[in-house]
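# Chains, contacts and geometry: an overview
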Amino acid sequence: MWSSRLAFILAATGSAVGLGNIWKFPYITGENGGGAFVVVYLLCIAMIGIPIMIAEVSLGRRGRLSPINTMKQLARADGASQNWKYLGWMGVIAAFLILSFYSVIGGWSLSYIGHAFSGEFEGAGSDKIGAIFGAMLSSPETLMIWHSVFLLIVVAILSQGIRSGLEKAVNVLMPMLFLLLLVMVGYAMSTSQFSQAVDFLFTPDFSKLTTEGILSALGHAFFTLSLGSCAMMAYGSFLPSQVSVARTAITVSVIDTVVALLAGLAIFPLAFANGLEPSAGPGLIFQTLPIAFGQMPAGTFFATLFFSLLLIAAITSAISMLEPLIEWLEEQRGINRKVAALIAGVLVWSVGLLTVFSFNNWADLHPLSFVPVFAEKTFFDIFDYLTANIMLPLGGLFIVVYFAWFMNPDAARHEVGIKSDNVYRLTHFVMRYVSPALVLIVFLYNLL
Ligand code: TRP
């Protein structure tokens, strides 16, 4: 068990806050035209993300097993179909696929710690920074090495069991990351493009919003809160029983959202000030922040610190992606934790190679070009789209539907821990109708 409510909040925040906030949120916001996308994203967090987090953590705490067995057991207790266990399986597969590319991007942070530490960013303009990024991407060997190191660290931590180390890491390092982001926003305020960036992020222009953009916003709400893959269910299974799930879910979601918005505020002024397109894609933060570090006092120190903290945020997220699978291997197959972590690590590593090559040798390979949504997509793009925009929302939909329609109503109420009748009734209504309907509507719009 987590030792307290705070311990769970730290662990869940460790899972939620990661590359999704600092790497992915800014670049997909840039690709989708800014403000209107941010509005939809915030609505998705409030109307879908928070309710589904409440459902997911509640299911985990009631089951107290690995997600797959939790679903099996709850379905038995509630007289529902045993097929609900496939929900656990879909989550495990989604998290596995996410980790395969997450680890490659985590490797980028590792590589940037080295670049930062060597002082390469000092006084560098966008050309030089762009060249550093380009050189890293074009070398499969470089990407592969850092991808391997990243996964080794994750596997080493997982094989020890996650609880004690995780609490400590998140307790100290997350506040540091937060402070450093504030420093970066402070620096960004000193550029004359700050108000342009604020405008870009917070003045919605709905003509820039596409149906695919809405789906990305929805998908990202799941991705950034670690929902829909049963990762939060696994963490919920260690939550002490007297803690209010609802309050805890709101706390974690708010922290996660604030971190993403701060990252946006730090990055877009720099992108504009240095003539970079907001739609530059996955390289956005790696091509903007180093320029700022290169100009600020003690920049080498701050840059090294920043990429180290980003790495740690990525690791605490990556751990939560593999935990459900490892728990299941332990529980069901009686495999020892160390062996389980190793097997899972080797499998993820291999699939991750497809992402490694997506940025160089296979950059023009579109393996599923015969499927319209995947037509222009590399392996990396496919894994990203398939998980964030399809598997996670689908998983989340089933989770909230199970909670609100199939779970014993008294047990549901007991887990959520909302005392006021009216507030609970409203929450239950949102979970029963509003969240599922919104996910379905976004899905259908994109299919039609
Ligand atoms: N939320 C993490 C981030 O924003 C990523 C993450 C961790 C995740 N665990 C997950 C995403 C489980 C989906 C499912 O970086």
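The notes below deal with the structure included here. From a predicted model like this one, the values you see are computed outputs, not experimental measurements. (Residues numbered from 1 in each chain as written. Predicted model: local features only at pLDDT ≥ 70, side-chain atom pairs only at ≥ 80, totals over all residues. Heavy atoms only, no water.)

## Here we look at the site of the ligand
- Near the ligand lie 17 residues; those nearest to it are Ala-16, Gly-20, Tyr-102, Phe-223 and Ser-226.
- Tyr-102 places a polar side-chain atom, nitrogen or oxygen, 2.4 Å from an oxygen atom of the ligand.
- Contacts to the ligand include Ser-226, whose side-chain N or O atom sits 3.0 Å from a nitrogen atom.
- Relative to its unbound accessible area of 370 Å², the ligand is 100% covered by the protein chains.
- For the shell around the ligand, the secondary-structure elements that each account for two or more residues are helix H1 (5–16), helix H2 (19–31), helix H5 (85–117), helix H10 (211–224) and helix H14 (299–333). (Near = heavy atom within 4 Å. Polar contact = N/O pair within 3.5 Å; in protein donor to acceptor, adjacent residues only side chain to side chain. Areas by Shrake-Rupley, 256 points an atom, 1.4 Å probe, with all protein chains shown as cover. Helix = DSSP H or I, 4+ residues; strand = E, 2+ residues; numbered from the N terminus.)

## Some thoughts on the nonpolar core
- Grouped together as the largest cluster of nonpolar side chains are 168 residues, with contacts concentrated most on Trp-108, Phe-307 and Phe-403.
- For Phe-403, the residues in contact, after removing those within four places along its chain, are Ala-55, Ser-58, Leu-59, Ala-412, Val-416, Tyr-424 and Met-431. (Core = buried A, V, L, I, M, F, W, Y, C linked by side-chain atoms within 4.5 Å. Buried < 20%, exposed > 50% of the residue type's maximum accessible area, 1.4 Å probe, protein only. Contact = heavy atoms within 4.5 Å.)

## Focus: the state of the cysteines
- Applying the stated criterion across every chain, the model contains zero disulfides.
- Between Cys-44, a cysteine without a disulfide, and Cys-230, which holds the nearest cysteine sulfur, the sulfur-to-sulfur distance is 20 Å.
- Owing to a relative accessible area of 0%, Cys-230 belongs among the buried residues under this scheme. (Disulfide = S-S within 2.5 Å.)

## Observations regarding the packing of aromatic side chains
- Throughout the structure, instances matching the rule amount to 33 aromatic pairs.
- Consider the rings of Tyr-102 and Phe-223, whose centres lie 6.2 Å apart with planes at 45 degrees: the pair is tilted. With a gap of 121 residues between them, Tyr-102 in helix H5 and Phe-223 in helix H10 connect regions that are remote in the sequence.
- We classify Phe-223 as buried; its relative accessible area is 8%.
- Here Trp-108 and Phe-286 contribute two aromatic rings whose centre-to-centre distance is 5.4 Å and whose plane-to-plane angle is 80 degrees, an arrangement assigned as edge-to-face. One end of the pair, Trp-108, is in helix H5; the other, Phe-286, is in helix H13 (residues 284–295), and 178 residues separate them in sequence.
- We classify Trp-108 as buried; its relative accessible area is 1%.
- The ring centre of Trp-405 lies 3.7 Å from the NZ or CZ of Arg-432, which sits over that ring. (Phe/Tyr/Trp six-rings, centres within 6.5 Å; stacked < 30°, edge-to-face > 60°. Lys NZ or Arg CZ within 6 Å of the ring centre and 35° of its normal.)

## Remarks on the environment of Glu-141
- One can find Glu-141 in helix H7 (residues 140–160).
- Given the relative accessible area of 53%, Glu-141 is considered exposed.
- On a C-alpha basis, the gap between Glu-141 and Val-356 in space is 8.8 Å, while along the polypeptide they are 215 residues apart.

## Describing the side chain of Ser-103
- Looking at the element boundaries, Ser-103 is found in helix H5.
- Apart from residues lying up to four places away in sequence, Ser-103 is in contact with His-147, Phe-150 and Leu-151.

## Quick word on a nonpolar patch on the surface
- A contiguous nonpolar patch, built from Phe-178, Leu-179, Leu-182, Ile-250, Val-254 and Val-258 and spanning about 480 Å² of accessible area, is present on the exposed surface.
- Elements that contribute at least two residues to the nonpolar patch include exactly helix H8 (163–189) and helix H12 (245–273).
- In this structure, Val-254 sits in helix H12.
- With relative accessibility at 45%, the residue Val-254 sits in the partly exposed group. (Patch = residues over 30% accessible without salt bridge, like charges linked within 9 Å, V, L, I, M, F, W, Y side chains within 5 Å. Salt bridge = Lys/Arg side-chain N within 4 Å of Asp/Glu carboxyl O.)

## Here we look at the side chain of Ser-159
- Mapped onto the fold, Ser-159 is located in helix H7.
- Here Ser-159 falls in the buried class, since its relative accessible area comes to 13%.
- Looking at Ser-159, its side chain comes within polar contact range of the main-chain oxygen of Ala-156, at 2.9 Å.
- Not counting residues up to four positions away in its chain, the partners in contact with Ser-159 are Arg-337, Lys-338 and Ala-341.

## With respect to helix H3 (residues 35–63)
- Given a rise of 1.5 Å per residue, 29 residues ought to cover 42 Å, and the 40 Å separating the end C-alpha atoms of H3 matches this to within 8%.
- At Ile-45, H3 shows its strongest bend, of approximately 40 degrees. (Expected span 1.5 Å × (residues − 1). Bend = angle between axes of the 7 residues up to and from the residue.)

## Side note on the pattern of salt bridges
- Tallied over the entire structure, the rule returns six salt bridges.
- Note that Glu-415 is salt-bridged to Arg-61, the shortest N-O span being 2.7 Å. Within this pair, whereas Glu-415 is found in helix H17 (residues 409–416), its partner Arg-61 is found in helix H3, the two being separated by 354 residues in sequence.
- Take Arg-61: its relative accessible area is 4%, and that puts it in the buried class.
- Of the charged contacts, one joins Arg-413 and Asp-421 as a salt bridge, the two residues approaching to 2.8 Å between their closest N and O atoms.
- For Asp-421, a relative accessible area of 44% translates into the label partly exposed.
- One connected set of salt bridges, linked through shared partners, spans Glu-323, Glu-330 and Arg-337.

## A look at the packing of H3 against H17
- In the contact formed by H3 and H17, the axes pass within 9 Å of each other and the chain directions differ by 105 degrees. The orientation of H3 with respect to H17, classified from their angle, is roughly perpendicular. Of the residues in H17, those in contact with Ile-54, Ser-58, Arg-61 and Arg-62 of H3 are Ala-411, His-414, Glu-415 and Val-416.
- Among the residues forming the contact of H3 with H17, the class breakdown is three nonpolar, two polar and three charged. (Axes fitted to C-alpha atoms, helices over the stretch in contact; angles between N-to-C directions. Parallel < 35°, antiparallel > 145°, perpendicular 65-115°, else oblique. Nonpolar A, V, L, I, M, F, W, Y, C, P; charged D, E, K, R; others polar.)

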